[in-house]
Each structure stands twice: as structure tokens, then as C-alpha cells.
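Below, each chain spelled out in residue letters.
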Amino acid sequence: MTRQPHIARRAEELLGSAVAATAPVAGGDISTATKLRLSSGRSAFMKTLTNAPAGFFEAEAAGLRWLGEAGGVQVPEVLAVESDCLILEWVEPGKLTTEAATDFGRALAKTHDAGAPAYGLERDGFIGRLPLPNKTAPTWAEFYATKRVLPYLKLARDRGSVTPEGADLVESIIGKLPDLVPEEGPRRLHGDLWNGNVIWTHDAGCCVIDPAAHGGHRETDLAMLALFGLPHLPRVLQAYEEVSPLADGWPDRVGLHQLHPLLVHASLFGGGYGARAAEVASRYA
């Protein structure tokens, strides 16, 4: 590790502790990520983004704290947050074990079961680089349609990432959502729980990062884990159901919950994500 003076000075201002060394961290495609070694011997993780959207890092910090209050799945401690950066405790990665997968499933169920006041959240957030509307709604179907599917369907269509015919397929299932997905009451969700946001730690544990936290349907987080292939997912799901059994037929609804992330990816990256969203919607049309 060397010492990047501008990064170190900003961290010292916020932490009130000297930074002995810094090192870049690979992997992120939005923010600049840096590992800090503090003079106390503790390590920390710092994310910075020049001209970050208003509330960008504040929303992430609030989401981490809200998830952490559930006492379920582990999240990194927020050490400092400002409009241009976020500093978290350093999470040392390790190897995935079946025991860690089991513990993660149980902890995730506990986080979900902590619940939420409503579908949505009191503040808007972000999903990747995109704004994420969170205005609350009285039912999950209304929230999912108006705050998750339709805004990103419009954006993907405007960007040419989904065909008009594909967009019509997705829109055709909106009115069917109340009959397709049973109401369970709002649960406390991570909201962007893909494999890359799950860290298996050096002490055989698990930690989640980069949330798009909100009150929603718990099947949403589980569907996101399946979308990009979490290792040992069957064991995670088995352990989850030992704590909080899922409603009958939930595997048949996974595609519905994947529509939102597919449309987000279509909006951001184009490619085949729009076509894939249309294909998923066709199963329920």
C-alpha cells in the first residue's frame, strides 16, 4: 500500500484519524474504491465519486444502517458519509462454505422478517447509477408496477433497449400482478441482492453491500440471487425456509420479480436484457 494524499486527507477529515496508507480496490464501475489503513491499525473502505448525484452516498449509508438494525444479515458499519464519499469498515473476503451459505439463508430470513412500515421507503434511492423511486404504495402490486417495472420499461424503450412489442408484453402483465403474487406485507429488503453484492468473509461468514433498500416482497431478493447465480443457492434457500417458509408456488413467480433488474440492466447496458425481460413477461401474459 502507498498513500494517495488527496484520498487520505479527505478520509482524515471525516474520521478524525490519521491514514497511514491507501490502496485502490478493483471491481466497482461507478465509484472510485480505496482501501485505507488507519494509524490505529484498523482498515476501512472508502468510495468516492466526483459530482455524485444529490443523496447518492447518503441513501446507501441509510440503507446499510436500516438493514443492520434487523440483526439478521451482516452489513459493514458506516464510519462516515458525505455527499462526495462513503467510508465503511473493511470487510475481509474469504471462501464460501456450506456453513456460511446456511447461516446467510437464516440471517436473510431474519432481515426480511424485521419488516418495513410500507411498500417503498421514506426517501428515494439509487439502483446502480439510476435514480430509484421509493414513494410508498398501499399494495405490493401497485408499488412494483409504478415504482419498479414501468419507470425502467419506459427508460429502456426510450433508449432503444426493448422493442415496442417487447414493451407491450411487459405492460400486459401489470394488471395481473395482484393475482399472480400473494400479498404478505412489506418486508425489509436489500433490493439489489445479486451475487456481486454478497461477500463471503474470512471468518466463514457473509456480508451484504451496496443496497437499494426498501420495503417490498421478500421473493424479490431471492429472485435477484437467482438471476446471476449465487453459489450454493439451494442451500441458502433451504436454510431460509427453515426460518421463514415461503408461500406455495414461489418458484413459479421468480421471473416476475426478475423483471425489474432485467429492465434496469436493459436501461444501463442494452444488449439482450430487454429481450430477456420480454421473454420472461411472455410466460405470464
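Residues numbered from 1 in each chain as written. Predicted model: local features only at pLDDT ≥ 70, side-chain atom pairs only at ≥ 80, totals over all residues. Heavy atoms only, no water.

Draft legend 1. Focus on the environment of G125. Looking at the element boundaries, G125 is found in strand β6 (residues 125-127). Taking relative accessible area as the criterion, G125 reaches 10% and is therefore assigned buried. Here the alpha-carbon distance between G125 and G196, two residues 71 residues apart in the chain, equals 19 Å. Every residue in contact with G125, bar those within four places of it in the chain, is listed here: A59, L130, P131, L132 and N134. (Helix = DSSP H or I, 4+ residues; strand = E, 2+ residues; numbered from the N terminus. Buried < 20%, exposed > 50% of the residue type's maximum accessible area, 1.4 Å probe, protein only. Contact = heavy atoms within 4.5 Å.)

Draft legend 2. Structural detail: the packing of helix α7 (residues 218-227) against helix α9 (residues 254-269). Where α7 contacts α9, the axes come no closer than 8 Å and their chain directions differ by 75°. On the basis of the axis angle, α7 is roughly perpendicular to α9. Here α7 contributes E219, T220, A223, M224, A226 and L227 to the contact with α9, which in turn contributes V254, H257, Q258, P261 and L262. Looking at the contact of α7 with α9, its residues break down into seven nonpolar, three polar and one charged. (Axes fitted to C-alpha atoms, helices over the stretch in contact; angles between N-to-C directions. Parallel < 35°, antiparallel > 145°, perpendicular 65-115°, else oblique. Nonpolar A, V, L, I, M, F, W, Y, C, P; charged D, E, K, R; others polar.)

Draft legend 3. Highlighting the packing of helix α4 (residues 140-158) against α9. Running from N to C, α4 and α9 cross one another at 25°; their axes reach a closest spacing of 8 Å. The angle between α4 and α9 places the two elements in the roughly parallel class. For the element pair α4 and α9, the recorded crossing hand is left-handed. Here W140, Y144, R148, V149, Y152, L153, L155 and A156 of α4 come into contact with α9, specifically with L256, H257, Q258, L259, H260, L263, V264, A266 and S267. (Left-handed = near helix turned anticlockwise from the far one by under 90°.)

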